[in-house]
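Notes for the structure review
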Amino acid sequence: MRGELTLIELKRVSKSYNNCAQPAVANLSLQVNRGEFVFLVGPSGAGKSTLIKLVFREQTPSSGQITFEGRDLSRLKQKELLRHRRRIGMVFQDYRLLKQKTVYENVAFALEVIGRPAKEIRRKVPAALAEVGLTGKEKAFPAELSGGEQQRVGIARAIVKDPLIVLADEPTGNLDRNNALQLMELFETINRSGTTVIIATHAWDLVDRMKKRVVAMENGCLIRDEQRGSYGNEHVST
Amino acid sequence: MNMSALRYGLRQGFLSLRRNLWLAAVTAGIIAISLAILGGFLLLAVNVGQMLRTIETNLEIAVFLEEGVDPAAISRQLTEHALVQGYVFVPKEQGLVEFAQTLGDPAFLAGMEGENNPLPDLFRVRANDAQSVAALAAAIRAFPGVETADYGEELVGRLISVTYWLNRLLLGMSGLLALGAVFLIVTTIRLSVVARQDEVGVMKYLGASNSFIRFPFLLEGVVIGWTGTLVATIALGLGYERLATSLQQEALTFFIRPVTDPAMILPIFGGLLLLGTLMGGIGSIVSVRKFLRV
Ligand SMILES: Nc1ncnc2c1ncn2[C@@H]1O[C@H](COP(=O)(O)OP(=O)(O)O)[C@@H](O)[C@H]1O
Ligand SMILES: [Mg+2]
């Protein structure tokens, strides 16, 4: 039942942009199981965002292989690529909400653009908003919400289609510590229902607190991979 | 593409059109002008073609006899010739009368009667069909006693070469205009794409297909192209109908008779509609292409 457990596997993956001598991801091997919660940590420029883009298949590796549910991501045909992306919920540092749409419309949009029927949309959007604690804010526009609330909309949009995995790139980067903590707890709740979660982050104090698997990168290399780990000593002392 | 995708595309497409209404209208206008010129040119070509055919089928060969030749001998040879459909003999006395009538002033010809008549006797000969006219004229020239045989080949030749150059000119002009129109569509749609750039960017992360993202823009372009063409065909159709009716009433000459056969006119208008719609579609595909890469 090997294929049942492993969701993502990177085998000696490297990624260089253009012909840059220093690769953004260097010879990196990593395995993520279904239902795992993984923090991806490391200084700016370490290659965290690139890794996330590789998994989403926004980028393809320069060498090495990435499999998702046993399927080689470099070999997906156009249709399979869409299917792949529809099973991933993306969360961004800058939320990427559409400012001319209401909270409800922003979340519904995720289902509209993949052609889900109106009936399903009417059922799932309120459920997703309830899960992130935004019931009652349906008619608000993003500009009328706090940063933390906006990111909750972003998370609702990511989970409304019941993804296999949520990929979040610095989701708390623009938020204060309190909001960040609440969002991390929200990600934990989402993970508890079975959704795999990978979060790239700088928020070392939260990482230390959550006691989850920590994958640390530097200069494109994997330098540490610990279950129930911490961000790293250099930050604990500051 | 399912129902909800269709609904989304329609809504977004028409929202964009409304936002860019003025530019869309100008673009549709340019398309209308370029296609009206193209359509006008096609109508002209159809009519000139028909006119040339009418002239050719009605061509008579004027056979001028040498001085003192017996018309009866020529007449016999014409009757026997396979390509001849019919002929009339015009003696030089009658020729002079006809000439005077054309000039409208009998006094001008005073003193040219009888011995002084400068005109030759002639036969007016009709061929079996238009294709045989040239061959028959050549055959008749070889008859003994025939001075020459003309059928207005210069006129036909000149008409053909004028038409040829007119065709080139108009085709080039409408081609340039059409190119400009496509360019305008590309610009218009690009504005719509830029106005919705956030949305397009997010859609790709949400797993929208390229065709889903493209559809509203395609719709916008096609509607603009189609509107322009519709205006062009209606204007052209009304204008042509007017012109045709007035020409028929004037009954200028037998060969300026406008083509009104729907089997010849409708394909032109159908082709224009198709072309305008295609121009709109191609313009928007070109416009959206570079935004779809992820
Ligand atoms: N699109 C890109 N083109 C060229 N270089 C890039 C691109 N994205 C990232 N890089 C480079 O790759 C390296 C890793 O960047 P990134 O993956 O964004 O790291 P992180 O998210 O950990 O800060 C950096 O040196 C960065 O400059
Ligand atoms: Mg980054």
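Calculation rules
- Residues numbered from 1 in each chain as written.
- Chains lettered and ligands numbered in written order.
- Predicted model: local features only at pLDDT ≥ 70, side-chain atom pairs only at ≥ 80, totals over all residues.
- Heavy atoms only, no water.
- Salt bridge = Lys/Arg side-chain N within 4 Å of Asp/Glu carboxyl O.
- Helix = DSSP H or I, 4+ residues; strand = E, 2+ residues; numbered from the N terminus.
- Buried < 20%, exposed > 50% of the residue type's maximum accessible area, 1.4 Å probe, protein only.
- Near = heavy atom within 4 Å.
- Polar contact = N/O pair within 3.5 Å; in protein donor to acceptor, adjacent residues only side chain to side chain.
- Areas by Shrake-Rupley, 256 points an atom, 1.4 Å probe, with all protein chains shown as cover.
- Contact = heavy atoms within 4.5 Å.
- Buried area = accessible area lost by both parts, 1.4 Å probe.
- Core = buried A, V, L, I, M, F, W, Y, C linked by side-chain atoms within 4.5 Å.
- Domains from an automatic or database assignment.
- Pairing = 2+ DSSP bridges.
- Axes fitted to C-alpha atoms, helices over the stretch in contact; angles between N-to-C directions.
- Patch = residues over 30% accessible without salt bridge, like charges linked within 9 Å, V, L, I, M, F, W, Y side chains within 5 Å.
- Lys, Arg positive; Asp, Glu negative; His and termini not counted.
- Charge placed at Lys NZ, Arg CZ, Asp CG, Glu CD.
- Phe/Tyr/Trp six-rings, centres within 6.5 Å; stacked < 30°, edge-to-face > 60°.
- Lys NZ or Arg CZ within 6 Å of the ring centre and 35° of its normal.
- Parallel < 35°, antiparallel > 145°, perpendicular 65-115°, else oblique.
- Left-handed = near helix turned anticlockwise from the far one by under 90°.
- Nonpolar A, V, L, I, M, F, W, Y, C, P; charged D, E, K, R; others polar.

Topic: the pattern of salt bridges
Residues and elements named next belong to chain A. Under the criterion given, the structure shown has 17 salt bridges over all chains. Residues Arg34 and Glu69 are paired through a salt bridge, measuring 2.9 Å at the closest nitrogen-oxygen approach. Note that Arg34 is positioned in the loop between strand 2 (25–33) and strand 3 (37–41) and Glu69 in the loop between strand 4 (63–68) and strand 5 (71–72), a separation of 35 residues in sequence. The partner of Glu188 in a salt bridge is Lys212, and the shortest N-O contact between them spans 3.2 Å. Separated by 24 residues along the polypeptide, Glu188 in helix 7 (residues 177–192) and Lys212 in the loop between helix 8 (204–210) and strand 9 (213–218) bring together distant segments of the chain. Assessed through its relative accessible area of 17%, Lys212 is described here as buried. One continuous salt-bridge network, built from bridges that share partners, spans Arg116, Glu120, Lys124 and Asp162.

Examining the site of ligand 1
Residues and elements named next belong to chain A. The local shell around ligand 1 consists of Tyr17, Ala24, Pro43, Ser44, Gly45, Ala46, Gly47, Lys48, Ser49 and Thr50. Gly45 has a polar backbone atom sitting 2.7 Å from an oxygen atom of ligand 1. Here an oxygen atom of ligand 1 sits 2.7 Å away from a polar atom, N or O, in the side chain of Ser49. Contact with the protein chains removes 58% of the 560 Å² of surface that ligand 1 exposes when unbound.

Structural notes on the interface of chain B and chain A
Counting residues at the interface gives 19 residues for chain B and 23 residues for chain A. Between chain B and chain A, roughly 1,800 Å² of surface is buried when both sides are summed, and carbon and sulfur atoms account for 57% of that area. For the pair chain B and chain A, the number of links is two salt bridges. With a closest N to O distance of 3.3 Å, Asp198 of chain B and Lys99 of chain A form a salt bridge.

Some words on the nonpolar core
In terms of nonpolar packing, the biggest core is built from 87 residues, with Phe39, Ile155 and Phe187 of chain A together with Met203 of chain B touching the most fellow members. Tallying contributions element by element places helix 2 (residues 21–57) of chain B first for this core, with nine residues. One finds Leu7, Leu30 and Leu76 of chain A together with Tyr205 of chain B within the second-largest nonpolar core, a separate group that totals 31 residues.

Here's the deal with the domain arrangement of chain B
When the domains of chain B are assigned, the result is domain 1 (3–55 + 156–292) and domain 2 (60–151). The distance between the C-alpha centroids of domain 1 of chain B and domain 2 of chain B comes to 53 Å.

Quick word on the pairing of strand 8 (residues 196–200) of chain A
Where a strand is regular, its side chains alternate between the two sheet faces. Residue and element names in this part refer to chain A. Most of strand 8 is tucked away, with five of its five residues classed as buried. Burial along strand 8 is two-sided: the residues Thr196, Ile198 and Ala200 and Val197 and Ile199 are all buried. Here strand 3 pairs with strand 8 via four bridges, running parallel. Across the sheet, Phe37 pairs through a bridge with Val197, a residue of strand 8.

Regarding the sheet that holds strand 8 of chain A
All names here are of chain A. Read from one edge of the open sheet, six strands run 6-7-8-3-9-10, paired in mixed fashion. The sheet terminates laterally at strand 6 (88–91) and strand 10 (221–226), the two strands that pair on one side only. Neighbouring strand axes in the sheet, compared pairwise and without regard to direction, differ in orientation by 15° on average. As paired strands, strand 9 and strand 10 are joined by five bridges and run antiparallel to one another. Of the residues in strand 10, the one forming a bridge with Ala216 is Arg224. Contacts between helix 6 (residues 147–159) and the sheet are confined to strand 6 and strand 7 (165–169), with strand 6 contributing the most and set at about 165° to the helix.

Quick notes on a positive patch on the surface
A surface patch of positive charge is lined by Lys119, Arg122 and Arg123 of chain A together with Arg7 of chain B. Mapped onto the elements, Lys119 of chain A comes out in helix 5 (residues 118–131).

Quick look at the packing of aromatic side chains
For the structure on display, the rule yields eight aromatic pairs over all chains. Taken together, the aromatic side chains of Phe56 and Phe92 of chain A together with Tyr205 of chain B make up a single cluster linked through ring pairs. Between the NZ or CZ atom of Arg96 of chain A and the centre of the ring of Phe92 of chain A, over which it lies, the distance is 4.3 Å. Geometry around Phe37 of chain A places Lys212 of chain A over its ring, the cationic atom sitting 5.2 Å from the centre.

Observations concerning the packing of helix 4 (residues 103–112) of chain A against helix 5 of chain A
Residue and element names in this part refer to chain A. Interhelical geometry of helix 4 versus helix 5 gives an angle of 125° and a closest axis separation of 10 Å. In terms of orientation, helix 4 lies oblique with respect to helix 5. In terms of crossing hand, the pair formed by helix 4 and helix 5 is right-handed. Seen from helix 4, the contacting residues are Val103, Tyr104, Val107, Ala108, Leu111 and Glu112; seen from helix 5, they are Ile121, Arg122, Lys124, Val125, Pro126, Ala128 and Leu129. Per-class residue counts for the contact of helix 4 with helix 5 are 10 nonpolar, no polar and three charged.

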